[in-house]
Amino acid sequence: MGHCEVCGNEYSMTFEVHAQGGAVHVFDCFECAIHRMAPICEHCRVQVVGHGVEADGRQFCSAHCAKAEGVQGIVDRVGAPTA
């Protein structure tokens, strides 16, 4: 059985996340993995759980937050595409 590196829970179904640079992390649930691994938006400080936006090496949760930090040329998707 493994131990979650965030909460310390000993669990028979832990899983590993292999990150860049060869780091290996062990978690017992996605909640703990997100807590440890998700980037933080440089504007609103929320953890970025979805795709987010990267601009100039900085992470944002949305184009709105990127624009608030002066990033140009990024737009959020608005509405469904038409055929």
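Residues numbered from 1 in each chain as written. Predicted model: local features only at pLDDT ≥ 70, side-chain atom pairs only at ≥ 80, totals over all residues. Heavy atoms only, no water.

Named according to an unreviewed UniProt entry, the protein is Metallothionein originating from Streptantibioticus rubrisoli.

Some words on the packing of aromatic side chains
Applying the stated rule across the entire model yields two aromatic pairs. Judged by centre distance (6.1 Å) and plane angle (50°), the ring pair of Phe15 and Phe27 falls under tilted. Taken together, the residues span a long stretch of sequence, with Phe15 in strand 3 (residues 15-18) and Phe27 in strand 4 (residues 24-27) at a distance of twelve residues. Here Phe15 and Phe30 contribute two aromatic rings whose centre-to-centre distance is 5.3 Å and whose plane-to-plane angle is 45°, an arrangement assigned as tilted. With Phe15 in strand 3 and Phe30 in helix 1 (residues 30-37), this residue pair connects regions lying 15 residues apart in the sequence. For Phe15, a relative accessible area of 24% puts it in the partly exposed group. By relative accessible area, which is 66% here, Phe30 ends up exposed. Grouped by ring-pair contacts, the aromatic residues Phe15, Phe27 and Phe30 constitute a single cluster. (Phe/Tyr/Trp six-rings, centres within 6.5 Å; stacked < 30°, edge-to-face > 60°. Helix = DSSP H or I, 4+ residues; strand = E, 2+ residues; numbered from the N terminus. Buried < 20%, exposed > 50% of the residue type's maximum accessible area, 1.4 Å probe, protein only.)

So, a nonpolar patch on the surface
The grouping of Phe30, Ile34 and Val49 at the surface amounts to a nonpolar patch, some 320 Å² of accessible area in total. Within the fold, Val49 resides in the loop between helix 1 and strand 5 (53-55). Classification of Val49 by relative accessible area gives exposed; the value is 57%. (Patch = residues over 30% accessible without salt bridge, like charges linked within 9 Å, V, L, I, M, F, W, Y side chains within 5 Å. Areas by Shrake-Rupley, 256 points an atom, 1.4 Å probe, with all protein chains shown as cover. Salt bridge = Lys/Arg side-chain N within 4 Å of Asp/Glu carboxyl O.)

Thoughts on the nonpolar core
Of all hydrophobic cores here, the largest spans ten residues; its members are Cys41, Val48, Val53, Ala55, Phe60, Ala63, Cys65, Ala66, Val71 and Ile74. Breaking this core down by element, the ones donating at least two residues are strand 5 and helix 2 (63-68). A per-element tally of this core places helix 2 first, with three residues. Dropping the residues within four chain positions of it, Cys41 is found in contact with Val46, Val48, Gln59, Phe60, Cys61 and Cys65. (Core = buried A, V, L, I, M, F, W, Y, C linked by side-chain atoms within 4.5 Å. Contact = heavy atoms within 4.5 Å.)

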